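Close look at the chain arrangement
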Amino acid sequence: MKIVTINKKLLAKFRGDPEVLQKPGRPCVLVIRLKYKGRNQDFAVPLRSNISASTPKEQYFPLPPRPATKPRNRHGLHYIKMFPVTKQHLVKYRTQGNNLSITIQTVIDNNEKRIVRECQSYLSRYETGSHPPFSTDIDYLLSQLYSAP
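Heads up: these notes are all about the structure in this document. In this text, all values refer to a predicted model and were calculated from it rather than measured experimentally.

Parameters at a glance
- Residues numbered from 1 in each chain as written.
- Predicted model: local features only at pLDDT ≥ 70, side-chain atom pairs only at ≥ 80, totals over all residues.
- Heavy atoms only, no water.
- Helix = DSSP H or I, 4+ residues; strand = E, 2+ residues; numbered from the N terminus.
- Rg over C-alpha atoms; globule rule 2.2 N^0.38 Å.
- Buried < 20%, exposed > 50% of the residue type's maximum accessible area, 1.4 Å probe, protein only.
- Contact = heavy atoms within 4.5 Å.
- Areas by Shrake-Rupley, 256 points an atom, 1.4 Å probe, with all protein chains shown as cover.
- Lys, Arg positive; Asp, Glu negative; His and termini not counted.
- Charge placed at Lys NZ, Arg CZ, Asp CG, Glu CD.
- 1 Å grid on protein atoms, 1.4 Å probe; cavity = no way out; pocket = protein on both sides within 12 Å on 5 of 7 lines; lining within 4 Å.
- Points joined across faces, edges and corners; volume = space filled by probe spheres on them.
- Nonpolar A, V, L, I, M, F, W, Y, C, P; charged D, E, K, R; others polar.
- Arc of directions from axis to C-beta.
- Salt bridge = Lys/Arg side-chain N within 4 Å of Asp/Glu carboxyl O.
- Core = buried A, V, L, I, M, F, W, Y, C linked by side-chain atoms within 4.5 Å.

**Thoughts on the overall build of the protein**
What the protein contains, in helices and strands, is 4 helices and 7 strands. Starting at the N terminus and walking to the C terminus, you meet the elements of the protein as β-α-β-β-β-β-β-β-α-α-α. Taken against the 2.2 N^0.38 rule, which gives 15 Å for 149 residues, the C-alpha radius of gyration of the protein at 15 Å falls within 12% of a compact globule. Oriented by its inertia axes, the alpha-carbon framework of the protein measures out at about 40 × 30 × 25 Å. For the protein, the proportion of its 149 residues judged to be buried stands at 43%. Put simply, 66% of the contacts in the protein that link residues at least 6 apart link residues at least 24 apart. On the protein, roughly 8200 Å² of surface is accessible, and the fraction owed to carbon and sulfur atoms is 52%. Computed over 25 positive and 10 negative side-chain charges, the separation of the two mean positions in the protein equals 8 Å.

**Describing the layout of surface pockets**
One number sums up the size of the largest pocket: a volume of about 310 Å³. If you trace the largest pocket, you find 16 residues lining it, with Pro27, Leu47, Ser49, Arg66 and His75 closest to the centre. At the level of elements, β3 (39-51) and α2 (99-110) are the ones that each hand at least two residues to the lining of the largest pocket. Broken down by element, the residue count for the lining of the largest pocket peaks at 5 residues, all from β3. Of the residues that constitute the lining of the largest pocket, the class distribution is 7 nonpolar, 5 polar and 4 charged.

**Describing helix α4 (residues 138-145)**
Every buried residue of α4 is accounted for by Ile138, Leu141, Leu142 and Leu145. In an axial view of α4, the angular spread of the buried residues amounts to 100°, which keeps them on one side of the axis. Those residues of α4 hidden inside the fold are in contact with α1 (8-13), β2 (28-36), β3, β6 (83-85) and α3 (112-127).

**Some details on the environment of Pro133**
When you line up the elements, Pro133 lands in the loop between α3 and α4. Along the sequence, Pro133 and Tyr60 sit 73 residues apart, while their C-alpha atoms lie 14 Å from each other.

**A short note on empty space enclosed by the protein**
Throughout the structure, instances matching the rule amount to 1 cavity of 30 Å³ or more. There is about 50 Å³ of room inside the largest cavity. Here the lining of the largest cavity is built from residues that sort into 6 nonpolar, no polar and 2 charged.

**Details of the side chain of Ser135**
You can see Ser135 is positioned in the loop between α3 and α4. A residue is classified by how much of its surface remains accessible, and Ser135, at 13% relative accessible area, is buried.

**Quick word on the pattern of salt bridges**
If you walk through the whole model with that rule in mind, you get 4 salt bridges. Among the salt bridges present, the one from Lys87 reaches Asp42, with a minimum N-O distance of 2.8 Å. Of the two residues, Lys87 is situated in the loop between β6 and β7 (90-92) and Asp42 in strand β3; the sequence distance between them amounts to 45 residues. Residue classification places Asp42 among the buried positions, given a relative accessible area of 12%.

**Some words on the nonpolar core**
Formed by 37 residues in total, the largest nonpolar core has its most connected members in Ile6, Leu77 and Tyr79. If you tally residues by element for this core, the top one is β2, at 6 residues. Here Leu77 is in contact with Val29, Val45, Pro46, Leu47, Gln59, Tyr60, Phe61, Leu63 and Ile115, once residues within four sequence places are set aside.

The quantities given are spatial measurements derived from coordinates; they are silent on function.
Here's what the structure looks like:
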């Protein structure tokens, strides 16, 4: 798993879903080969600085807080904001010299199996119609991802 950002062209294609986080340069974790509706698909899971403390724990993976993380909020990988990607939409995220980014990458590396398991579990629940409030519309996003430019 690696930290990436998403190119602006893909984010523009996804503007029809208000739950896709549109902040340019936002770091995401690339999770490859998850199963959705019987098909393997790569997904990007956004890192968010201020996940509400009341958010159910199965909806995110906690990470060390960032300076922007408000008291009582959480910093983490927010599963309900994940979206499908293809490799051509990925942009390298530079972590050199950024101690927090290096720490976050280490935490992700040390918890890779758990993150994959929790992402797959979220997608399995989503497939059965369990769409939490404020979640991305994965079916719409897939249709946009594979539509002509």
